[in-house]
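# Remarks on the overall topology
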Amino acid sequence: MSGRGGKSPTPKPTASRVPCFGGTNLALIPTPCDVEGDALPLSAMDPLTSSYNDKIRPLLDAVDKLRNLMVMKEGIQLPTIVVVGDQSSGKSSVLESLAGISLPRGQGICTRVPLIMRLQNHPCDEPQLFLEFEGKVVHSDEENIAVAIAVATNEIAGGGKGISNTPLTLVVKKDGVPDLTMVDLPGITRVPVHGQPENIYEQVSGMIMEYIRPEETIILNVLSATADFSTCESIRMSQMVDKKGERTLAVVTKSDKNPEGLLEKVTADDVNIGLGYVCVRNRIGEETYDEARMEEHRLFKTHPLLSKIDESMVGIPVLARRLIQIQATIVAKCLPDIVNKISEKLNANVALLQSMPKNLSSIAEAETAFMQIMGSAKDSLRKILLRGEFDEYPDEKGMHCTARLAEMLERYSEKLQNCPDSNFSKDFLLEELEILEETKGICLLNILPHVAFLTSLQRKIGRISSTPVEFVSNVWEYIGGVVLKVLMQYSELYPQLQNATRRAAQHLMAKVKERAIGHVVEIVQMEKCTDFTCNPEYLAEWNKLMEKQVEFLQHIYDPWKPSKFVLEGIGEVDVEKLRERRHLVQQAFNLRMRMVAYWKTVLGRLVDSVALHLLFTVQGLVNKELEDEVVSQVVGPQGGGLQRMLEETPAVAAKREKLMRSISLLKESREVVAQIMDRVSTADMEKHQPAQGVKGGGGSNHGQGLHGGHGEASACSRSQGRWWLKSWTGSPRRTWRTRLFGSMFSFSYAVLLCVWSCVFVCGDVCLHFRMLLIFILCLPSSMK
Ligand SMILES: Nc1nc2c(ncn2[C@@H]2O[C@H](COP(=O)(O)OP(=O)(O)OP(=O)(O)O)[C@@H](O)[C@H]2O)c(=O)[nH]1
């Protein structure tokens, strides 16, 4: 940055340096040459200005049309310059200066609604000003626009000091104003003044954050020179969404009021403003805009402190120019993405509308729709409950049913295995001894009574009998939830069906659950009733366990042996208590080992049979029972569901209406962007085709991409659109130098070829190879 303080204040032709009327005449905005001191008339030399009308202006109009269509409601963000600042920092004054018209200004909160200001450079004698809000258009003029804005604001936000999120659009078509669209937002205030709601800060900051959060937004942060920038609330907010300040431009107002230290403030850049600072002096009191610009110009030229600030950082004209450049860049950058987003959203909405139920007009149609719902629900349930395919619910773990059921079964099996009774080492054989004593009869002592085994078995089964019931109950609760969810989902579009469907599902699931519990209770009873297995594993296991019997009994019979004995498969057991009842220990040992071997079979049966029954029941449910039940509830005598399907519910009608509105808005938006892209492709692309090597037909392709089918912009059209925009914003092209070098290389190459042919004819082999080498080396250059 070069300070200007040292420069001689050479007077320049004022007509080319300062505006001669209110607002910021584009022709008078200083270009870089101008900043360096060249006094050429800008209108004649400024490429930005000259190409503006036919290049960027249509793009801006397209973006403004999209904004008017409220395409942002569809979640499509538009490139926007948003003006933010603390209360009374001078936001409206900056906009006034740019537009050359009076806006409501003053101390206290003036801007109470988002004011979308569309400035259009329009060569006409009389400026045209009008307001658009809530579907109304109010025409006004320069003298009365401030009042008209105040009236419209009152209408939108009420007469008090409250704020509203409903935007007010001000269109200014005037000769010499910069083509800019900006949104002015209410100033940030921490303390509510009289008449303002208590949560005014939250309301304003919420609105500001909503506008500045999208990446497409450029934040114009208005800071008063009188304030300490680092404590400004607007800086804090913009830093929250734009940490590096890459999309923040600062305008420092009231430079006249606090010139001391301003240069240091804007050069130190303590608050990280990526797009830089522009210091301005706005209109004060009753000054005209011409006077204000003259005064600003004089101030930054002559003030001992302010004149040290670089010319490229001062004045409303510089600000206007920066904004135009920034706006052109973001519009160019964002438009292709907007085209894509509109197409994507439109396609998604069209698909959604198509998936909505048709308006049914006869029972036959209702019957078809009902059978379709049932068919889809059954398919879906088959996939998730039987086949383990969860493509319909990739992220909902609860709907990956086969996996969840397997987990539940695993937990059930573990619970059975770990039930407290299976700790065989604890009070080893005491229970068996007690059973033997109670079941003894008048018979030989070495005959193990069958009833002793049965008693032991029944006791053990009694201890775990609640676990299978609990498992089955949980499993069917879970399956019931899944079935209900799927049914509700498929009948969602016919809420009139849902009650009967829900009733059917709940009724059926209760029935199935009851049946499953009954079945499992029966299995448990069967296990209690008798002991039997044909599994050879039982005997093998028992024989293996009995191998230890002799050693164990010897240990018990010998009183000198230690009181602890380690039994394989059981662990350390206390034999002291057993020595007292040694006459029954052998039988007790036998009884216990039989039980250990048999218990494995019992647990296996309890898991296997419950699992098989579960899968069998699920199959029957999905394949037959569910449909039968739902049909009988919906179509049956109390159902009357098919009749009710003919009446469309208000919720579905509203959804259909909303989708249709959205589709029509998106189609209109698509037309807007299609028109602008078509203009681009037909006018400009033809002009640039030779240089870019684009063959004819690219433009028409592009148009087709935007208009045809569902309006998907083809990859080709997108890249062409980007290319065009890039070419305007300055992409490298082939210059005359590259072409000249290309031609020179081609010429030398041709000469080389001739010489080589001569050498070839002469038959000098060595020279021939040397020429071949040169030929190969030159090949890449000649191809450039
Ligand atoms: N001296 C001087 N006064 C200014 C300048 N800019 C704005 N003002 C004054 O500062 C006061 C507030 O300006 P506004 O433009 O209303 O501020 P605002 O940020 O739009 O206010 P709200 O929207 O209400 O938050 C007005 O009295 C302006 O005249 C300036 O550059 N110099």
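Each remark here, short or long, concerns the structure printed above.
Overview of the structure.

### Focus: the overall build of the chain
Assigned secondary structure in the chain consists of 27 helices and 11 strands. For the chain, the proportion of its 784 residues judged to be buried stands at 49%. For the chain, restricting intrachain contacts to residue pairs at least 6 apart in sequence, the fraction spanning at least 24 positions comes to 76%. With the model as given, the accessible surface of the chain reaches about 38300 Å², and the carbon-plus-sulfur share is 57%.

### Considering the packing of aromatic side chains
For the structure shown, the criterion picks out 7 aromatic pairs. When the ring of Phe229 is compared with that of Tyr277, the centres are 6.2 Å apart and the planes differ by 20°; the resulting orientation is stacked. Of the two residues, Phe229 sits in the loop between strand S7 (217-224) and helix H8 (233-241) while Tyr277 sits in strand S9 (residues 277-279), which places them 48 residues apart along the sequence. According to the relative accessible area criterion, Phe229 is buried, its value standing at 5%. Taken together, the aromatic side chains of Phe428, Phe552, Phe565 and Phe589 make up a single cluster linked through ring pairs.

### Focus on the side chain of Asn121
As for its placement among the helices and strands, Asn121 is situated in strand S2 (residues 115-121). Asn121 sits in the buried class, given a relative accessible area of 16%. A polar side-chain atom of Asn121 sits 2.7 Å from the main-chain amide nitrogen of Gly176.

### Some details on unusual backbone geometry
Here Glu134, not a glycine, exhibits a phi torsion of approximately 45°, which is positive. With respect to the helices and strands, the residue Glu134 is situated in the loop between strand S3 (128-133) and strand S4 (136-140). Exposure remark for Glu134: the relative accessible area of 46% places this residue in the partly exposed category. The phi angle at Asn272 is positive, at roughly 60°, despite the residue not being glycine. With respect to the helices, strands and loops of the structure, Asn272 is situated in the loop between helix H9 (262-268) and S9.

### What to know about the nonpolar core
Ranked by internal contacts, the top residues of the largest apolar core, which has 89 residues, are Leu385, Phe428, Trp476, Ile479 and Phe552. The leading source of residues in this core is helix H21 (residues 582-634), at 23 residues. Excluding residues that lie within four positions of it along the chain, Leu385 makes contacts with Cys401, Thr402, Leu405, Ile479, Val483, Val618 and Val622. Leu170, Leu249, Leu319 and Ile326 belong to the second-largest nonpolar core, a separate cluster that totals 42 residues.

### Some words on the pairing of strand S8 (residues 248-253)
Extensive coverage of S8 is indicated by the burial of 6 of its 6 residues. Burial of S8 is two-sided: the residues Thr248, Ala250 and Val252 facing one way and the residues Leu249, Val251 and Thr253 facing the other way are all buried. With 6 bridges joining them, S7 and S8 adopt parallel strand pairing. Among the inter-strand pairings, Asn221 is bridged to a residue of S8, identified as Ala250. Across 3 bridges, the pairing between S8 and S9 is parallel.

### A closer look at the packing of helix H13 (residues 401-417) against helix H16 (residues 466-490)
Here H13 crosses H16 at 170°, and the two axes come no closer than 10 Å. The orientation of H13 relative to H16 falls into the category roughly antiparallel. In the crossing of H13 with H16, the sense of the turn from one axis to the other is right-handed. Taking contact as the criterion, the partners of Cys401, Arg404, Leu405, Met408, Leu409, Tyr412, Lys415 and Leu416 in H13 are, on H16, Thr467, Pro468, Glu470, Phe471, Asn474, Val475, Tyr478, Ile479 and Val482. Partitioned by chemical class, the residues of the contact of H13 with H16 number 12 nonpolar, 2 polar and 3 charged.

### Let's talk about the pattern of salt bridges
The final tally for this structure, using the stated rule, is 34 salt bridges. Residue Arg118 pairs with Asp64 through a salt bridge whose shortest N-O separation is 3.1 Å. Taken together, the positions of Arg118 in strand S2 and Asp64 in helix H4 (residues 47-68) put the pair 54 residues apart, joining distant regions of the chain. The exposure classification of Arg118 matches that of Asp64, with both residues buried. Across the salt bridge formed by Arg463 and Glu431, the nearest N and O atoms sit 3.2 Å from each other. Here Arg463, found in helix H15 (residues 450-464), pairs with Glu431, found in helix H14 (residues 430-439); they are 32 residues apart in sequence, far enough to count as distant. Under the relative-accessibility criterion, Arg463 is labelled partly exposed at 41%. For Glu431, a relative accessible area of 22% gives the class partly exposed. Connected via shared salt-bridge partners are Glu431, Glu434, Arg459 and Arg463.

### Quick word on the sheet that holds strand S6 (residues 180-184)
One open sheet accounts for 9 strands, arranged S4-S3-S5-S2-S6-S1-S7-S8-S9; its pairing is mixed. Each edge of the open sheet is held by one strand with a lone partner, namely S4 and S9. Across the sheet, the axes of successive neighbouring strands diverge by a mean angle of 20°, strand direction being ignored. Against the sheet, helix H6 (residues 145-157) contacts S3, S4 and strand S5 (168-174), and its axis sits at roughly 5° relative to S3.

### With respect to the environment of Asn535
In this fold, Asn535 is placed in the loop between helix H17 (495-529) and helix H18 (536-546). Relative accessible area serves as the criterion here: at 32%, Asn535 is assigned to the partly exposed category.

Thresholds, definitions, all that
Residues numbered from 1 in each chain as written. Predicted model: local features only at pLDDT ≥ 70, side-chain atom pairs only at ≥ 80, totals over all residues. Heavy atoms only, no water. Helix = DSSP H or I, 4+ residues; strand = E, 2+ residues; numbered from the N terminus. Buried < 20%, exposed > 50% of the residue type's maximum accessible area, 1.4 Å probe, protein only. Contact = heavy atoms within 4.5 Å. Areas by Shrake-Rupley, 256 points an atom, 1.4 Å probe, with all protein chains shown as cover. Phe/Tyr/Trp six-rings, centres within 6.5 Å; stacked < 30°, edge-to-face > 60°. Polar contact = N/O pair within 3.5 Å; in protein donor to acceptor, adjacent residues only side chain to side chain. Core = buried A, V, L, I, M, F, W, Y, C linked by side-chain atoms within 4.5 Å. Pairing = 2+ DSSP bridges. Axes fitted to C-alpha atoms, helices over the stretch in contact; angles between N-to-C directions. Parallel < 35°, antiparallel > 145°, perpendicular 65-115°, else oblique. Left-handed = near helix turned anticlockwise from the far one by under 90°. Nonpolar A, V, L, I, M, F, W, Y, C, P; charged D, E, K, R; others polar. Salt bridge = Lys/Arg side-chain N within 4 Å of Asp/Glu carboxyl O.

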